[in-house]
Amino acid sequence: MKFLVCISKAPDTTTKIEFTDGNTKFNEAGVQYIVNPYDEWYALVRALELKESLGGEVTTITVGPAADESIIRKALAIGADKAVRVNAEANDAYFTAFQIAEYAKSGGFDMILCGKETINYNGSQVGGMIAELMGLPYVSLATKLEMNGATATIDREMKGGVEVVEVNTPFVLSAAKGMAEQRIPNMRGIMAARTKPLEVVEPVACDDLTTFQSYELPPAKSDCKYVDPDNMAELVDLLHNEAKVI
Amino acid sequence: MSVLVYIDTLSGEVAKAAMEAVFYGSKIGPTTVLTNGSISEDSLASLGEFGAEKVLLNKAVTTNDSSQITNLVAAAVESTGATTIVMPLDLTGRAVAPRVSAKLKAGLASGAVTLPNADGTVKVNVFSGKAFGNVAIKTDKKVITLTPNSLQIESTGGSASVEEFNADAGSSNITVKEVRKQEGDVLLPEAEIVVSAGRGLKGPENWGIVEDLAKSLGAATACSRPVADIGWRPHHEHVGQTGVAIRPNLYIAAGISGAIQHLAGVNGSKVIVVINTDPEAPFFKAADYGVVGDAFEVLPKLKEEIEKFKAQN
Ligand SMILES: Cc1cc2nc3c(=O)[nH]c(=O)nc-3n(C[C@H](O)[C@H](O)[C@H](O)COP(=O)(O)OP(=O)(O)OC[C@H]3O[C@@H](n4cnc5c(N)ncnc54)[C@H](O)[C@@H]3O)c2cc1C
Ligand SMILES: Nc1ncnc2c1ncn2[C@@H]1O[C@H](COP(=O)(O)O)[C@@H](O)[C@H]1O
């Protein structure tokens, strides 16, 4: 079975978010990048588990500049067989999805896996767009995935519960928590990753549909007001009369 | 500028996030609502209260297949001439909005937290709630998804006409085998009050005091990531950067240290109450009200006072 896993980079989760150039650019100075957690922990690991039990090949794809190769090597170290990088800045979800769909069209993939969302732009956009561009079914927010021949049985989050669905390959999926357990790459994996193929392809022409014009930080919190643990009546009073939330 | 709002009503009810999306749309322009399934026409007509002029109901599509719904939305855009398409950023909106964007080649601003700015840009959540971005949509048709609990809806007292809407939705390749409803009545992403607890609670057997307080407040329950990872609580309760991002009016956190990844998912809350034995816990820096104390004593006391308050008001 052939798996394509969409891998994006994200700033380390402890990064202090700041902007430069008159609040028009994310300040990358000193920022450590990681593989977007949903892509790594859930989409990639579940694809690897299925490959290990059913056979096949796991390819990762990333739309991003050469600097992204360190996170791509991490995905290879965890166990992906090969990687593709589309050599372009991923500034717009539609542009990104378009590049991935163009590459995937001729690849004969049984399944394209994305993460639920990137933790920097949080759009939850790219997976659904790939599905539409390729005319494929899209199972979003999957928390469990089992294969039986060409049929997948998938648990997915739905409003107020879980829905169990069946879909035949090929399809696109976005992975949420529960799909798999995080894997830590071992030394052998890290060594092997250095020599695994990382193909660089040039982007196809496509217009961005959106741009981030500026950014802002939330207003600073005012100081915390302390309430004595033995005086919960006061807290209730504050929540009612001052904060007006109950 | 006419607006089409798509809402998922498969549960048979109009959720709060859906009303918010309708209200949001009506502030942009004359609004038609599209939904599918078998919801009663009366519940749909009441969407007029939040600004809908007309509701289109497609009875043929009875699941949330994003491909079929996308086809319905595209057909409704065509028939109404809508230039702005709004959806709540709920579980269905997350799947449908990007498909609609790709199908119509209409730019998508995902996770709006306010009405469009004067210059037409849309303010959305980025960096898991640690910041906002102002997105310019370059295309004539625009798709906007709305972060739940971002705006106060007001009833305008109107009523909407309901029409059946038939369009070719295509076939579905996804078969729903089973639906498992979650326990508890208040759904976390839409809850106005959330009571949350972390590793400080020591074990799953101690969650009774969290649930009791939540019940007294009509609140949903949530937890920190390690608590869901060890299996003390279900995954869907995990809030934070790698869990659900929420923005209730009131977030009460007990026995949670307030790690940056946890804060990322909750700092959109209007008011935060932190209960922690450690006065140095980082969470107090993000709190509006702090109680330095033992959750095992504070939570039951707080519940008692809430019940007293409810009895009087
Ligand atoms: C990539 C990444 C992503 C992450 N994403 C998330 C996320 O989305 N959400 C998330 O929550 N975490 C996330 N984390 C984990 C995060 O860093 C913290 O480890 C986690 O939030 C800590 O959970 P906690 O506060 O419950 O536990 P702890 O840090 O162990 O804190 C327990 C707290 O309880 C207090 N306490 C102890 N006893 C009592 C008592 N009797 N009464 C009151 N207070 C008491 C202690 O003083 C302490 O402050 C992520 C981490 C990484 C690396
Ligand atoms: N630049 C990118 N390259 C490859 N995959 C991406 C990229 N950006 C997003 N994705 C994939 O799409 C998912 C959703 O991203 P987003 O729409 O930004 O929330 C991510 O979890 C990734 O799997």
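The shown structure was predicted, so the numbers you read here are calculated from the model rather than taken from an experiment.

**Student:** Lay out the sheet that holds strand 15 (residues 225-226) of chain A in plain terms, naming residues and giving numbers.
**Tutor:** Reading across the sheet, the six strands line up as 15(A)-15(B)-14(B)-13(B)-11(B)-12(B) and stay open at both edges, with parallel pairing between neighbours. Looking along the sheet, the strands with just one partner apiece sit at the ends: strand 15 of chain A together with strand 12 (220-223) of chain B. Of the pairings in the sheet, the one linking strand 13 (residues 250-254) of chain B to strand 14 (residues 271-276) of chain B comprises five bridges and is parallel in character. Counterpart to Tyr251(B) in the pairing with strand 14 of chain B is Ile272(B). Relative to strand 15 (residues 289-292) of chain B, helix 6 (residues 232-242) of chain A is tilted by about 170 degrees, and along the sheet it contacts strand 15 of chain A together with strand 13, strand 14 and strand 15 of chain B.

**Student:** Just give me the short version of the packing of helix 1 (residues 37-54) of chain A against helix 2 (residues 69-78) of chain A, but keep the residues and values in it.
**Tutor:** Residues and elements named next belong to chain A. Relative orientation of the contacting elements helix 1 and helix 2 amounts to 40 degrees, with a least axis distance of 10 Å. On the basis of their axis angle, the class for helix 1 and helix 2 is oblique. Both helix 1 and helix 2 take part in a crossing whose hand is right-handed. Counted together, Glu40, Leu44 and Leu48 of helix 1 and Lys74, Ala75 and Ile78 of helix 2 form the full contact between these two elements.

**Student:** If you had to explain the site of ligand 2 to someone new, which residues and values would you point to?
**Tutor:** All names here are of chain A. As a structural note, the neighbourhood of ligand 2 is formed by 19 residues, with Cys6, Asp39, Thr118, Ser124 and Gln125 the closest of them. At 2.9 Å, a backbone N or O of Val126 approaches an oxygen atom of ligand 2. For ligand 2, whose unbound accessible area comes to 480 Å², protein coverage reaches 93%. Looking at the shell around ligand 2, the elements with two or more residues in it are strand 6 (57-63), helix 3 (93-105) and strand 8 (111-115). A per-element tally of the shell around ligand 2 places strand 6 first, with three residues. For the shell around ligand 2, the per-class residue count stands at eight nonpolar, nine polar and two charged.

**Student:** Describe the site of ligand 1, with residues and values.
**Tutor:** Surrounding ligand 1, one finds 28 residues, the nearest of these being Ser224(B), Thr242(B), Ser257(B), Gln261(B) and His262(B). Taken together, the residues near ligand 1 originate from chains A and B. One nitrogen or oxygen atom from the main chain of Ser257(B) is found 2.7 Å from an oxygen atom belonging to ligand 1. Between ligand 1 and Thr277(B) there is a distance of 3.4 Å, counted from a nitrogen atom to a backbone nitrogen or oxygen.

**Student:** Before we move on, can you summarise the environment of Leu57(B) with the specific residues and values?
**Tutor:** Topologically, Leu57(B) is positioned in strand 3 (residues 52-58). When residues no more than four places from it in sequence are discounted, the contact partners of Leu57(B) are Thr35(B), Asn36(B), Gly37(B), Ile39(B), Leu44(B), Glu163(B), Glu164(B) and Phe165(B).

**Student:** If you had to explain the side chain of Ser124(A) to someone new, which residues and values would you point to?
**Tutor:** Among the secondary structure elements, Ser124(A) is positioned in the loop between strand 8 and helix 4 (126-134). Engagement of the side chain of Ser124(A) in a polar contact is seen with the backbone oxygen of Lys116(A), the distance being 2.8 Å. A polar contact of 2.7 Å, which involves the side chain of Ser124(A), links it to the side chain of Arg94(B).

**Student:** Describe helix 8 (residues 295-312) of chain B, with residues and values.
**Tutor:** Its 18 residues place the ends of helix 8 of chain B 25 Å apart at the C-alpha level, agreeing with the 26 Å of an ideal helix rising 1.5 Å per residue. Of all the residues in helix 8 of chain B, the buried ones are Ala295(B), Val298(B), Leu299(B), Leu302(B), Glu305(B), Ile306(B) and Phe309(B). Along the axis of helix 8 of chain B, the buried positions cluster into a sector of 135 degrees, meaning they face one direction only. Close packing links the buried residues of helix 8 of chain B with helix 6 of chain A together with helix 5 (208-217), strand 13, strand 14 and strand 15 of chain B. Measuring from the backbone nitrogen of Phe296(B) back to the side-chain oxygen at the start of helix 8 of chain B gives 2.9 Å, which picks out Asp294(B) as the cap.

**Student:** Which residues make up the interface of chain A and chain B, and what values do they have?
**Tutor:** With 78 residues of chain A at the interface, the matching set in chain B holds 85 residues. Carbon and sulfur atoms supply 59% of the area that chain A and chain B bury against each other, a total of about 7,200 Å² over both sides. At the junction of chain A and chain B, the tally comes to nine salt bridges. Glu166(A) is the partner of Lys177(B) in a salt bridge, and the nearest nitrogen-oxygen pair spans 3.8 Å. Joining chain A to chain B, the criterion identifies 36 residue pairs in polar contact (both at pLDDT 80 or more). Elements represented by at least two residues in the side of chain A that touches chain B include exactly helix 1, helix 4, strand 9 (138-148), strand 10 (151-158), strand 11 (161-168), strand 14 (210-216), strand 15 and helix 6 of chain A. Per element, the largest residue contribution to the side of chain A that touches chain B is eight residues, and it comes from helix 6 of chain A. Broken down by class, the residue content of the side of chain A that touches chain B amounts to 41 nonpolar, 20 polar and 17 charged. Where strand 15 of chain A and strand 15 of chain B come together, two bridges link them in parallel fashion. Bridge assignment links Lys225(A) to a residue of strand 15 of chain B, and that residue is Tyr289(B).

Cut-offs applied
- Residues numbered from 1 in each chain as written.
- Chains lettered and ligands numbered in written order.
- Predicted model: local features only at pLDDT ≥ 70, side-chain atom pairs only at ≥ 80, totals over all residues.
- Heavy atoms only, no water.
- Pairing = 2+ DSSP bridges.
- Helix = DSSP H or I, 4+ residues; strand = E, 2+ residues; numbered from the N terminus.
- Contact = heavy atoms within 4.5 Å.
- Axes fitted to C-alpha atoms, helices over the stretch in contact; angles between N-to-C directions.
- Parallel < 35°, antiparallel > 145°, perpendicular 65-115°, else oblique.
- Left-handed = near helix turned anticlockwise from the far one by under 90°.
- Near = heavy atom within 4 Å.
- Polar contact = N/O pair within 3.5 Å; in protein donor to acceptor, adjacent residues only side chain to side chain.
- Areas by Shrake-Rupley, 256 points an atom, 1.4 Å probe, with all protein chains shown as cover.
- Nonpolar A, V, L, I, M, F, W, Y, C, P; charged D, E, K, R; others polar.
- Expected span 1.5 Å × (residues − 1).
- Buried < 20%, exposed > 50% of the residue type's maximum accessible area, 1.4 Å probe, protein only.
- Arc of directions from axis to C-beta.
- Buried area = accessible area lost by both parts, 1.4 Å probe.
- Salt bridge = Lys/Arg side-chain N within 4 Å of Asp/Glu carboxyl O.

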